[in-house]
Amino acid sequence: MNLKETALKDVEKLFDFIRQSVSPVHGVSHAVSQLEAAGFLPLDFKSPWTLEAGGAYYCRPFDSELFAFRLGNRLNLGKGAHIAGAHIDWPCLRIKPAAQLTRSGYLQANVEVYGGPILSTFFDRPLSIAGKIAVKSEDLFSPRVMEINIPKPAAIIPNLAIHMSRSLPENGAKIDRQMHLLPLLGTISDTLNKDGILLDFIAGYAGVDAEDILDYELCLYNPEAPQCIGIHDEFISAPRLDDLTSACAAIHGLIDSAPDERIAMAVLFDNEEIGSQTKQGADATMLDRILEKIC
């Protein structure tokens, strides 16, 4: 395989990673599928581990966090570990606990800004919904957690028409996060039951009853497919490049690695966009615990 063929293969791996990673949870699940296809074995964080030199393993303590590692064939713990870290989240809009609003005959998603996005990029493009929901189960203390991806373009944030804002080209748009970033989901009428329309829509895709949804973590994402652009295809246009490029490189770099005396590890964290201080963030102590269990 020549250099160009190798580059094209790497680009397709990245494009596949981006297409599948429509939420942090989906991104970790896709990484797990790649690791399992390469022979990595799952480990339960809460159980004792029996590891072998030359082995390949992964541990997923939380839905949106992943630790994967190879042990060298002549492992010497004194040589330490080579660790590649990345985050699996990106700036986006996330649906609030009170999921919807109704105004002037329109149904809108009640969202908050997650991270530090360029707000203008959310306007005038289709938006889809993905993430996870917690659903009632027979065990009161263990609800069923389901990944959900609604690829249908379900929402849009339209710009104001130019003839209603003549100063826009010269002065730009002053975007109020609470007023201007509420996506349109549809129209409503006096005869339509306005309560719970969005949750009913999500429940329908998940195949559950809306009243059984206990909680959710859902984001609006850009469903645009990644593609190469430029007269020589030298540029990449895609959503969620930060930090899925690094996440993809870390996972596939680990899969292709062959450590001799060291530990080779790839780590995917969540919540970097808001400070990394959650239980699945890089500023938590989980990496220390994982290294302790390996040793």
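Residues numbered from 1 in each chain as written. Predicted model: local features only at pLDDT ≥ 70, side-chain atom pairs only at ≥ 80, totals over all residues. Heavy atoms only, no water.

**Notes on the pattern of salt bridges**
Next up, step 1: Here the structure, examined in full by the defined rule, presents ten salt bridges.
Next up, step 2: Where Arg 125 meets Glu 224, a salt bridge forms, and the shortest distance between an N and an O atom there is 3.6 Å. In this pair, Arg 125 sits in the loop between β6 (106-114) and β7 (127-135) while Glu 224 sits in the loop between β10 (213-221) and β11 (227-229), placing the two residues 99 residues apart along the sequence.
Next up, step 3: Counted as one network, the salt bridges with shared partners bring together Arg 74, Lys 79, Asp 260 and Glu 261. (Salt bridge = Lys/Arg side-chain N within 4 Å of Asp/Glu carboxyl O. Helix = DSSP H or I, 4+ residues; strand = E, 2+ residues; numbered from the N terminus.)

**A short note on the environment of Leu 43**
Next up, step 1: Considering the arrangement of structural elements, one finds Leu 43 in strand β1 (residues 41-43).
Next up, step 2: Sequence separation between Leu 43 and Ala 81 is 38 residues, and the spatial gap between their C-alpha atoms is 18 Å.
Next up, step 3: Once residues lying within four places of it in the same chain are set aside, the contact partners of Leu 43 are Trp 49, Leu 51, Tyr 57, Tyr 58, Cys 59 and Phe 69. (Contact = heavy atoms within 4.5 Å.)

**Details of empty space enclosed by the protein**
Next up, step 1: With the rule as written, the count across this model stands at one cavity of 30 Å³ or more.
Next up, step 2: The volume enclosed by the largest cavity comes to roughly 40 Å³.
Next up, step 3: Taken together, Ser 23, Pro 24, Val 25, Arg 94, Ala 130, Gly 131, Lys 132, Glu 217, Leu 218 and Cys 219 make up the full set of residues lining the largest cavity.
Next up, step 4: Of all the secondary structure elements, the ones that give two or more residues to the lining of the largest cavity are α2 (24-37), β7 and β10.
Next up, step 5: Partitioned by chemical class, the residues of the lining of the largest cavity number five nonpolar, two polar and three charged. (1 Å grid on protein atoms, 1.4 Å probe; cavity = no way out; pocket = protein on both sides within 12 Å on 5 of 7 lines; lining within 4 Å. Points joined across faces, edges and corners; volume = space filled by probe spheres on them. Nonpolar A, V, L, I, M, F, W, Y, C, P; charged D, E, K, R; others polar.)

**Brief notes about the nonpolar core**
Next up, step 1: If you look at the biggest cluster of nonpolar residues, it comprises 30 residues, and the most contacted ones within it are Ile 95, Ile 129, Ile 133, Val 208 and Leu 218.
Next up, step 2: Those elements giving two or more residues to this core turn out to be β5 (92-103), β6, β7, β8 (144-155), α4 (197-206) and β10.
Next up, step 3: If you tally residues by element for this core, the top one is β8, at five residues.
Next up, step 4: With near-sequence residues (within four places) excluded, Val 208 lies in contact with Ile 133, Val 135, Arg 144, Met 146, Ala 203 and Ile 213.
Next up, step 5: Counting residues in each nonpolar core, the second largest holds 25 residues, with Leu 14, Val 28, Ala 266 and Leu 268 among its members. (Core = buried A, V, L, I, M, F, W, Y, C linked by side-chain atoms within 4.5 Å. Buried < 20%, exposed > 50% of the residue type's maximum accessible area, 1.4 Å probe, protein only.)

**Let's talk about the sheet that holds β5**
Next up, step 1: Pairing is antiparallel across the open sheet formed by six strands, whose spatial order is β8-β7-β10-β5-β6-β9. In the strand order of this sheet, the two ends are held by β8 and β9 (184-187), each with one partner. For this sheet, the mean angle separating the axes of adjacent strands, direction not counted, is 30°.
Next up, step 2: Where β7 meets β10, eight bridges bridge the pair, whose relative direction is antiparallel. Bridge pairing links Ala 134 to Asp 215 in β10.
Next up, step 3: Seen against the sheet, α2 touches β5, β7 and β8 and runs at an angle of roughly 110° to β8. (Pairing = 2+ DSSP bridges. Axes fitted to C-alpha atoms, helices over the stretch in contact; angles between N-to-C directions.)

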